[in-house]
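Here is what each chain is made of, one letter per residue.
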Amino acid sequence: MLKPGDRMPDFEVVDQDGNIVKSSELTGKKTIIYFYPKDNTSGCTAEACNLRDNYEALVNAGYNVIGVSKDSAASHKKFADKFSLPFRLLADTSTRMLQDFGAWGEKKMYGKTSMGTLRRTFIFNEDGILERIIEKVDTRNHASQILD
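Residues numbered from 1 in each chain as written. Predicted model: local features only at pLDDT ≥ 70, side-chain atom pairs only at ≥ 80, totals over all residues. Heavy atoms only, no water.

(A) The arrangement of the environment of Asp100 in detail. Assignment of secondary structure puts Asp100 in helix H4 (residues 96–101). On the basis of relative accessibility, which here comes to 34%, the residue Asp100 falls in the partly exposed class. Linking Asp100 and Arg120, residues 20 residues apart in sequence, is a C-alpha distance of 13 Å. Leaving out residues up to four positions away in the same chain, Asp100 has contacts with Leu2, Pro9 and Asp10. (Helix = DSSP H or I, 4+ residues; strand = E, 2+ residues; numbered from the N terminus. Buried < 20%, exposed > 50% of the residue type's maximum accessible area, 1.4 Å probe, protein only. Contact = heavy atoms within 4.5 Å.)

Structure below.
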């Protein structure tokens, strides 16, 4: 798993509009990369809408906001359109990006163990160096966790 001081892992994935997004394009601006399990689920929707509702404050603080899950670009497009999300959603269908960031791992739900997306947020500085990880995400108040 990444730790503060590490460089952003290299990646190349598509966003909800089918555009290729490369990690190398993200330097020069502070970047929030938040990983979430699934489009259109209650917790993920609450988190995305909280970031949407506070997007202006995040941008004013100098942040570029990016969401990532293993859902397809088409699923992301529907999710972004349905909730008017103003930021990019990246489709990591191979889970390579999730694994490289340390946002893929063992989850326990209803007594069953499976591999899946771990809800985590990574905050990088302008040089692509990790400054902070939020592992205990409050989906309804995530923007305040980032801005504090």
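(B) Layout of the packing of aromatic side chains. Tallied over the full model, the rule gives 10 aromatic pairs. Taking the centre distance of 6.0 Å and the plane angle of 85 degrees together, the rings of Phe101 and Phe124 count as edge-to-face. Taken together, the residues Phe101 in helix H4 and Phe124 in strand E8 (residues 120–124) connect sequence positions 23 residues apart. Phe124 matches Phe101 in its accessibility class, with the two residues each being buried. A connected cluster of aromatic rings, assembled from ring pairs, spans Tyr34, Tyr36, Tyr55, Phe79, Phe83 and Phe87. Geometry around Tyr63 places Lys30 over its ring, the cationic atom sitting 4.6 Å from the centre. (Phe/Tyr/Trp six-rings, centres within 6.5 Å; stacked < 30°, edge-to-face > 60°. Lys NZ or Arg CZ within 6 Å of the ring centre and 35° of its normal.)

(C) View of the sheet that holds E8. If you walk across this open sheet you meet the seven strands as E2-E1-E5-E4-E3-E8-E9, and the pairing is mixed. Across the chains shown, the open sheet's two edge strands, defined by having one partner strand only, are strand E2 (20–22) and strand E9 (130–134). Put simply, the sheet's adjacent strands are angled 30 degrees from each other on average, direction ignored. Bridge count for E8 against E9 is four bridges, and the pairing is antiparallel. Residue pairing in the sheet places Ile123 in a bridge with Arg132 of E9. The sheet contacts of helix H3 (residues 73–82) involve strand E1 (12–15), strand E4 (63–69) and strand E5 (88–91), and relative to E5 the element is tilted by about 160 degrees. (Pairing = 2+ DSSP bridges. Axes fitted to C-alpha atoms, helices over the stretch in contact; angles between N-to-C directions.)

(D) Seen up close, the nonpolar core. By size, the foremost hydrophobic cluster in this structure holds 21 residues, and its most contacted members are Tyr34, Leu58, Leu85, Phe87, Leu89 and Ile146. Elements that contribute at least two residues to this core include exactly strand E3 (30–35), helix H1 (42–53), E4, H3 and helix H5 (142–147). Per element, the largest residue contribution to this core is four residues, and it comes from H1. When residues no more than four places from it in sequence are discounted, the contact partners of Tyr34 are Glu47, Ala48, Leu51, Val65, Ile66, Gly67, Val68, Phe87, Leu89, Arg120 and Thr121. Ranked by size, the runner-up nonpolar core spans 19 residues in total, among them Leu26, Ile33, Val68 and Ile133. (Core = buried A, V, L, I, M, F, W, Y, C linked by side-chain atoms within 4.5 Å.)

(E) Structural detail: the environment of Tyr34. One can find Tyr34 in strand E3. With a relative accessible area of 0%, Tyr34 lands in the buried category. Once the C-alpha coordinates of Tyr34 and Asp148 are considered, the two residues, 114 residues apart in sequence, prove to be 16 Å apart.

(F) Here's a closer look at the environment of Val13. Assignment of secondary structure puts Val13 in strand E1. For Val13, a relative accessible area of 11% corresponds to the buried category. Sequence separation between Val13 and Gln145 is 132 residues; the distance between their C-alpha atoms is 27 Å. The contact partners of Val13, leaving out residues within four places of it in the chain, are Asn19, Ile20, Val21, Leu90, Ala91, Asp92 and Met97.

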